[in-house]
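The residues making up each chain are set out below.
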Amino acid sequence: MKETMFLGIDVGSVSTNLVLIDQAGNLIDKTYLRTKGQPIATVQTGLAQLNEKWHNTVEIAGAGTTGSARHLVSILVGADIVKNEITAHAIAASELVPGVQTVLEIGGQDSKLIILRDGIVTDFAMNTVCAAGTGSFLDQQAGRLGLPIEEFGNLALKAQNPVRIAGRCTVFAESDMIHKQQMGHGLEEIIAGLCQALVRNFLSNLGKGKEILGPIVFQGGVAANAGIRDAFTKALGTEVIVPEHYDVMGAIGMAVLAREEWLKGKNTSFKGFDCAHYAFRQSGFECQDCPNSCEVIQIKQDQAIIARWGDRCGKWSNLKAVGTGA
Amino acid sequence: MKVTFPHMGNLSLTAETLLRGIGLEVVVPPPCTKKTLSLGVQHSPEFACLPLKINLGNYLEAYEQGADTALMVGGIGPCRIGYYGAIQQEILRDLGIKMNLIVLEPPDAHPRELWDKIKHLKQVSWRQVVAAIKLTWHKTRSMDLLEEKALILRAKEAKKGSIDSLLSQARTRLQSTDSIPRIKEITRDYLALMDDVALSEEFRPVKIVLVGEIYTVLEPFVNLNLEKHLNSLGVEVLRPLFLSSWINEHLLGGLLNIEGTKRAPGLAKPYLNSFVGGHGRETIGSAVQYAQKGVDGVIQIAPLTCMPEIVAHSVLPSVTEEYGIPALTLYVDEQTGEAGLLTRLEAFVDMIRYRQRRSS
């Protein structure tokens, strides 16, 4: 008898995460892969890894997808539920930290502030036109200073007197950092200053007019950074909880939601771990039927078109998907 | 003389009817596309907001099709639009483009101003002018009534695209008629046809009011089809700003019985008791007005760096807190990727549904 489990997939700009949870909601396995601009191949790699370990003992009874490639991936794997990252992160946080009232989430390209009351999202903010202070910028700065990203945050903790760095815009932050370096400030001081600047930017940009109450959970890839954690604790004047699986919270949220679907009695449409080996091809064309010139994307599994989207009028996406597996 | 104008939602239907009606030759700019955006961005100052850039793109594309005169509205107060006509004229001159920009300046934006600026019009009879204005008004109002209904019904249509195809048929018919009785007939017929569209059953729609800066509210190319996305998430969109309500309030002195944003300045008073330029005060007032009507949420949209809307953005939480509804502010700029917008809209609607479930 195989054990019933639920699969959650979060395909973001920087990382692709897959998790398995059991019926009681315990995390059984997780994979954390770099997306490297290839969502389809990365998800297939993740599925293949899980397949190797679990195909004999586990039965997937539900699957959910989130992240910027959620729709794409939901079609590939046959997801039962597709949700945006904000909902997914909030669900995971309230599952793992009951009573949570604030979620700070910083990922590769996005940062989010989610306010919950009594287990329900009541307000949120997400960075709009600027990616200042997200993981990609920290990666880039670590690279520029020749430091592994894993050590970057720990260095900040050694600082005695963090210098002030402009955090409003990453371009200005970088030039400010360089100027301070050239004046002779120490590396630790500068990195600590950068962490404080990013937190300041996060709170003034997203926290505008929002009531940040504890328990506060900090999650997303950047939560690994001890310097940023420390800066949040100091700026908020209260403890900030980093959950054990902070880096795969979006995927956990989706697995939890997939379990809810199953509890409602829904039969899963998950295609099985075998879809790790299907040949998927994506192609696009510009529809010339009207001046909107929509960029239509189509996904083929073997020779059959399984989905189309990107059109405003619905002409292409309404077409009945041809062939198998749709 | 061949006259053109910038796009802003259904403005082309209005402007084309009026200008042709008074005997001018009209060049309707090609619909806003990525090419319009690229042209506009290439020749505009980087710090200007998106409307200036897209307007300029419209002029340049219309120029390629033979336009030699462009109409633009001016403005007073802290919104930068008052300055844009002058900048656009300078840019066109620098590019060596022989195009004359006629700027209609409130507070004296009045049909008569057109007269002083366009010599040709001195030969046009008042009768013809009055007829053109009447025809224009009816077309504009009809289009808005149809769109207002579509914003509600599209949320519930059983087959995606049914409402849109009716709307575009109606628009084509309105465009090609010059008879007011016929306009009324088209309006009546299509409103009825929309009512007959099959709707999904067992559906509890979410109601959201859309407020913000007029250009980004009305032009689907810059707001990335915000309203359609909301509709497809099952949201009924309520919108106080329509071209006809703007005309009623700004050119007709609020004479006609159209709700629009007439009451907005009064309702905004406890929160924002000052004209902050653009539609900042209307944003707040309309949020209050629709919160009182029981909407589930407020979405504010504006071009990035829009000063009046930034002021409204910071005042908005005091309104939404008082009425216990959430608000989402969206700033738009050059991006044409819709995925980020969709994520935010989906999350916002999800949040509203969870709140509804809890309270029921």
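Residues numbered from 1 in each chain as written. Chains lettered and ligands numbered in written order. Predicted model: local features only at pLDDT ≥ 70, side-chain atom pairs only at ≥ 80, totals over all residues. Heavy atoms only, no water.

Caption draft 1: Here's a closer look at the overall build of chain B. From N to C terminus, chain B includes 15 helices and eight strands. In terms of C-alpha radius of gyration, chain B reaches 20 Å, essentially the compact-globule figure of 21 Å for 360 residues. The principal-axis extents of the C-alpha atoms in chain B amount to approximately 65 × 45 × 40 Å. Here chain B holds 360 residues, and the buried ones make up 56% of them. Counted over contacts in chain B with a minimum sequence separation of 6, partners at least 24 positions apart contribute 72%. (Helix = DSSP H or I, 4+ residues; strand = E, 2+ residues; numbered from the N terminus. Rg over C-alpha atoms; globule rule 2.2 N^0.38 Å. Buried < 20%, exposed > 50% of the residue type's maximum accessible area, 1.4 Å probe, protein only. Contact = heavy atoms within 4.5 Å.)

Caption draft 2: Up close: the domain arrangement of chain B. Residue and element names in this part refer to chain B. According to the domain assignment, chain B consists of domain 1 (2–117), domain 2 (135–153 + 157–202) and domain 3 (204–360). Averaged C-alpha coordinates put domain 1 and domain 3 at centres separated by 26 Å. Between domain 1 and domain 3, the residue contacts involve 24 residues of the former and 24 residues of the latter. Of the roughly 1,800 Å² buried between domain 1 and domain 3, counting both surfaces, carbon and sulfur atoms make up 74%. Taken as a group, Met8, Leu50 and Pro78 account for 30% of the area that domain 1 buries against domain 3, more than any other trio of residues on that side. Seen at the junction of domain 1 and domain 3, the total is zero salt bridges. Summed over the shared surface of domain 1 and domain 3, the number is two residue pairs in polar contact (both at pLDDT 80 or more). Every element with two or more residues in the side of domain 1 that touches domain 3 is listed here: α1 (11–21), α2 (34–43) and α3 (50–64). If you tally residues by element for the side of domain 1 that touches domain 3, the top one is α3, at five residues. The residue makeup of the side of domain 1 that touches domain 3, split by class, is 14 nonpolar, seven polar and three charged. (Domains from an automatic or database assignment. Buried area = accessible area lost by both parts, 1.4 Å probe. Salt bridge = Lys/Arg side-chain N within 4 Å of Asp/Glu carboxyl O. Polar contact = N/O pair within 3.5 Å; in protein donor to acceptor, adjacent residues only side chain to side chain. Nonpolar A, V, L, I, M, F, W, Y, C, P; charged D, E, K, R; others polar.)

Caption draft 3: Region of interest: a nonpolar patch on the surface. All names here are of chain B. Nonpolar side chains collect at one region of the surface, where Leu251, Leu252, Leu255 and Leu256 lie side by side and expose about 360 Å² of accessible area between them. Relative to the assigned elements, Leu252 resides in the loop between α11 (243–250) and α12 (264–268). The class of Leu252 is partly exposed, set by a relative accessible area of 34%. (Patch = residues over 30% accessible without salt bridge, like charges linked within 9 Å, V, L, I, M, F, W, Y side chains within 5 Å. Areas by Shrake-Rupley, 256 points an atom, 1.4 Å probe, with all protein chains shown as cover.)

Caption draft 4: Molecular detail of the pattern of salt bridges. On inspection of all chains with the given rule, the structure shows 28 salt bridges over all chains. Note that Arg34(A) is salt-bridged to Asp139(A), the shortest N-O span being 3.4 Å. Taken together, the positions of Arg34(A) in strand β3 (residues 27–34) and Asp139(A) in helix α4 (residues 135–144) put the pair 105 residues apart, joining distant regions of the chain. In this structure Arg34(A) comes out as partly exposed when scored by relative accessible area, which is 42%. As a salt-bridge pair, Lys83(A) and Asp350(B) come within 2.9 Å of each other at their nearest N and O atoms.

Caption draft 5: Up close: the interface of chain A and chain B. Taken together, the contacts link 30 residues of chain A with 27 residues of chain B. Both faces considered, chain A and chain B share a buried interface measuring about 2,400 Å² in area, 51% of it formed by carbon and sulfur atoms. Counting across the chain A and chain B interface gives two salt bridges. Those elements giving two or more residues to the side of chain A that touches chain B turn out to be α2 (70–77), α3 (85–96), β8 (120–126) and α10 (315–318) of chain A. By residue number, the principal contributor to the side of chain A that touches chain B is β8(A), which donates six residues.

Caption draft 6: Up close: helix α4 (residues 81–94) of chain B. Residues and elements named next belong to chain B. Counted at 1.5 Å a residue, the expected span for α4 with its 14 residues is 20 Å, and the 20 Å between its end C-alpha atoms agrees. Taken together, the buried positions of α4 are occupied by Tyr84, Gly85, Ile87, Gln88, Gln89, Ile91 and Leu92. Looking at the buried side of α4, the elements it contacts are α2, α3, β3 (69–73) and β4 (100–104). Immediately downstream of α4, the backbone of Gly96 shows phi near 75°, a positive value. (Expected span 1.5 Å × (residues − 1).)

Caption draft 7: Region of the structure containing the pairing of strand β7 (residues 297–303) of chain B. Residues and elements named next belong to chain B. Taken across its seven residues, β7 has seven buried, putting it largely inside the fold. By the alternation rule, side chains of β7 split into Gly297, Ile299, Ile301 and Pro303 and Val298, Gln300 and Ala302, which are all buried. Strand direction decides the pairing type here: strand β5 (residues 206–212) and β7, joined by five bridges, are parallel. Among the inter-strand pairings, Ile208 is bridged to a residue of β7, identified as Gly297. Across six bridges, β7 lies against strand β8 (residues 327–332) in parallel orientation. Across the sheet, the residue bridging to Ala302 is Tyr331, located in β8. (Pairing = 2+ DSSP bridges.)

Caption draft 8: Structural view of the sheet that holds β5(B). Residues and elements named next belong to chain B. Read from one edge to the other, the open sheet built from four strands follows the order β6-β5-β7-β8, with strand pairing classed as parallel. The sheet is open, and its two edges are formed by β6 (235–238) and β8, each paired on a single side. Between one strand axis and the next, the sheet turns through 25° on average, direction left out of account. Direction of pairing for β5 relative to β6: parallel, over a ladder of four bridges. Counterpart to Ile208 in the pairing with β6 is Val237. (Axes fitted to C-alpha atoms, helices over the stretch in contact; angles between N-to-C directions.)

Caption draft 9: Summary view of helix α7 (residues 162–175) of chain B. Taking 1.5 Å of rise per residue, 14 residues should cover 20 Å, and α7(B) covers 20 Å from first to last C-alpha, within 8% of that figure. Listed as buried for α7(B) are Ser162(B), Ile163(B), Asp164(B), Leu166(B), Leu167(B), Ala170(B), Arg171(B) and Leu174(B).

Caption draft 10: Local environment of the nonpolar core. Core analysis: the biggest nonpolar cluster contains 51 residues, and Ile208(B), Leu226(B), Leu230(B) and Ile299(B) have the highest contact counts within it. With seven residues, the single largest contributor to this core is helix α15 (residues 339–359) of chain B. Other than its neighbours up to four places away in sequence, Leu230(B) contacts Ile208(B), Val235(B), Val237(B), Ile299(B), Leu345(B) and Val349(B). Core analysis: the next-biggest nonpolar cluster, separate from the first, contains 37 residues, Ala159(A), Ala197(A), Leu203(A) and Ala223(A) among them. (Core = buried A, V, L, I, M, F, W, Y, C linked by side-chain atoms within 4.5 Å.)

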